[in-house]
Amino acid sequence: MPVSTQTSARPRVTVLGSGVVGLTCALELSSTADVTIVARDMPGDPDSLAWASPWAGAMFLGVDGSSPAQQAMQAESFRRLWQLAEDAPESSATRIGVYDYVDMHDDPAALWYRHLMPNVEEIPRTNIKSGLGSGLKYTSVVVTPGRYLPWLRAKLERAGVRFVRADVASLAEAGARAPCDALVNATGNGARFLLDVGDAKCVQVRGQTMLVKSTAPDIHIRHAVRWDEYTYVLPRGDGTAILGGIKEFGSVDPNIDENLKRAIHKRCHAMLPEHVPAKFEDLEIVRDLLGIRPEREGGTRVEAETLDDGLKVVHAYGVTGGGYVYSYGIAAQVKKLVAAML
């Protein structure tokens, strides 16, 4: 068991993983603990498919099928992100209009987050181009990962959080690299491969999108019955927008699918012809984006566990591709669980 050598009254906590969940957990814990982040990948690193956070759309959108506990974490995260857009615009957090189309429900009241979002209006059926389901218009928050993750890291470093780069094979190894009183497992997809976790419920899910030049002022997103019809136009507020999307379960193919690019364009044009040109050749593509989302059967795992070697662990993963959506809410729960263990 890793033994803490602390001399202060504050406990030592190691956070394994520096995606948005790990960073936000470290931020919450830093007010009451001495925190070290151990991670293979760090904000500011060159592009890599090895972690998901830099590739995310990173808007707040309530996750379909969430349990009451999951809804509560997401709601807390939305409140924090909403306030962040006012208090720290340099973080890239921005309030933005959203047109949210849902093929699966004729009644928009079926969306659990309907009463959470500001400025909610029902979209008339005649304005839903797919002709299916229902829709809501509301205001949400979006961040730009390339700005937000380095901003979080800088804030953590000012708070005294240490960063240790290491590619570890187990929680025990992470605890040995940074001796601690408790360890937070925020490894996303990594939870499947850690020797002392081995969570077979974790599934890698390939996503592919395009960053294009666009003047679209609002987010438009369609929740489809099939993942190959899942569609969104997500403005970044800088004259660009992300066009998506797709979820390919179990795939980690690193190559850009040219046919998929054209299919995404076709769906985005059908949903928002005012801002997506009819011809694929008329798209001004800035770059292709490809990432591997961390999903988990049954959703989030947020719970405490003491390993056989005595290492106290709080698990914080399985956010079904919704790391930004869960970030502050899951961090608040982690802080409570860590405090209860120590």
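Refer to the structure printed above.
Small disclaimer: the values here were computed from a predicted structure and weren't measured.

(A) Main features of the overall build of the chain. Looking only at helices and strands, the chain has 6 helices and 15 strands in total. Here the chain, with 342 residues, has 54% of them falling under the buried criterion. Within the chain, residue pairs in contact and separated by at least 24 positions form 71% of the contacts whose partners lie at least 6 positions apart. Accessible surface for the chain amounts to roughly 14700 Å². Of this, 50% is attributable to carbon and sulfur atoms. Each charge sign in the chain was given a centre, from 37 positive and 41 negative side chains, and these centres are 2 Å apart.

(B) Region of interest: the packing of aromatic side chains. What the rule picks out here adds up to 9 aromatic pairs. Ring centres 5.6 Å apart and planes at 40° place the aromatic pair Phe 78 and Trp 82 in the tilted group. Taken together, the residues Phe 78 and Trp 82, both in helix α2 (residues 68-87) and 4 residues apart, mark about one turn of the helix. Owing to a relative accessible area of 3%, Phe 78 belongs among the buried residues under this scheme. Counting every residue linked through ring pairs, the aromatic cluster contains Trp 227, Tyr 230, Tyr 232 and Phe 249. Across from the ring centre of Phe 163, 4.5 Å away, lies the NZ or CZ of Arg 153, which sits over that ring.

(C) Main features of the packing of α2 against helix α6 (residues 323-341). Orientation of α2 relative to α6, taken along the N-to-C sense of each, is 105°, at an axis distance of 6 Å. Classed by the angle they form, the pair α2 and α6 counts as roughly perpendicular. For the pair α2 and α6, contact is made by Gln 70, Met 73, Gln 74, Glu 76, Ser 77, Arg 80, Leu 81 and Leu 84 and by Tyr 324, Val 325, Tyr 326, Ser 327, Tyr 328, Gly 329, Ile 330 and Gln 333, respectively. When its residues are assigned to classes, the contact of α2 with α6 shows 8 nonpolar, 6 polar and 2 charged.

(D) Geometry of the sheet that holds strand β6 (residues 162-165). Pairing in this open sheet of 6 strands is mixed, and the strands run β6-β2-β1-β7-β15-β14 from one edge to the other. Looking at the sheet topology across the chains shown, the edges are occupied by β6 and β14 (301-306). Going across the sheet, the axis of each strand differs from the next one's by a mean of 20°, ignoring polarity. Here 5 bridges tie strand β1 (residues 12-16) to strand β2 (residues 34-39), and the two strands are oriented parallel to one another. Along β2, the bridge assignment pairs Thr 14 with Thr 36. This element, α6, spans β1, β7 (182-185), β14 and β15 (312-317) of the sheet and lies at about 170° to β15.

(E) Region of the structure containing the layout of surface pockets. Estimated volume of the second largest pocket: approximately 390 Å³. Forming the boundary of the second largest pocket are 23 residues, of which Asp 47, Pro 54, Pro 145, Gly 146 and Arg 287 lie nearest the centre. Within the residue set of the lining of the second largest pocket, elements represented by two or more residues are α3 (145-158), β11 (240-244) and β13 (285-296). For the lining of the second largest pocket, the element with the most residues is α3, which contributes 4 residues. Taken together, the residues of the lining of the second largest pocket sort by class into 13 nonpolar, 5 polar and 5 charged.

(F) The nonpolar core, seen in detail. Of all hydrophobic cores here, the largest spans 68 residues; its most connected members are Ile 37, Tyr 148 and Val 184. For this core, the element with the highest residue contribution is α6, accounting for 9 residues. Ignoring anything within four residues of it in the chain, the contact list for Ile 37 reads Val 15, Gly 17, Ser 18, Leu 23, Ala 26, Leu 156, Val 161, Arg 162, Phe 163 and Val 164. Judged by nonpolar contacts, the second largest core, of 19 residues, contains Val 212, Ala 241, Cys 268 and Val 276.

(G) Fine view of unusual backbone geometry. Put simply, Gly 244 and Gly 245 share a cis peptide bond, and its omega is 5°. Tracing the chain through its elements places Gly 245 in the loop between β11 and β12 (248-249). Positive phi, close to 60°, is recorded for Asn 119, a residue that is not glycine. Following the sequence through the fold, Asn 119 ends up in the loop between β3 (94-102) and β4 (121-122). In this structure, Thr 320 is a non-glycine residue whose phi angle is positive, near 45°. Here Thr 320 shows up in the loop between β15 and α6.

Criteria and thresholds
Residues numbered from 1 in each chain as written. Predicted model: local features only at pLDDT ≥ 70, side-chain atom pairs only at ≥ 80, totals over all residues. Heavy atoms only, no water. Helix = DSSP H or I, 4+ residues; strand = E, 2+ residues; numbered from the N terminus. Buried < 20%, exposed > 50% of the residue type's maximum accessible area, 1.4 Å probe, protein only. Contact = heavy atoms within 4.5 Å. Areas by Shrake-Rupley, 256 points an atom, 1.4 Å probe, with all protein chains shown as cover. Lys, Arg positive; Asp, Glu negative; His and termini not counted. Charge placed at Lys NZ, Arg CZ, Asp CG, Glu CD. Phe/Tyr/Trp six-rings, centres within 6.5 Å; stacked < 30°, edge-to-face > 60°. Lys NZ or Arg CZ within 6 Å of the ring centre and 35° of its normal. Axes fitted to C-alpha atoms, helices over the stretch in contact; angles between N-to-C directions. Parallel < 35°, antiparallel > 145°, perpendicular 65-115°, else oblique. Nonpolar A, V, L, I, M, F, W, Y, C, P; charged D, E, K, R; others polar. Pairing = 2+ DSSP bridges. 1 Å grid on protein atoms, 1.4 Å probe; cavity = no way out; pocket = protein on both sides within 12 Å on 5 of 7 lines; lining within 4 Å. Points joined across faces, edges and corners; volume = space filled by probe spheres on them. Core = buried A, V, L, I, M, F, W, Y, C linked by side-chain atoms within 4.5 Å.

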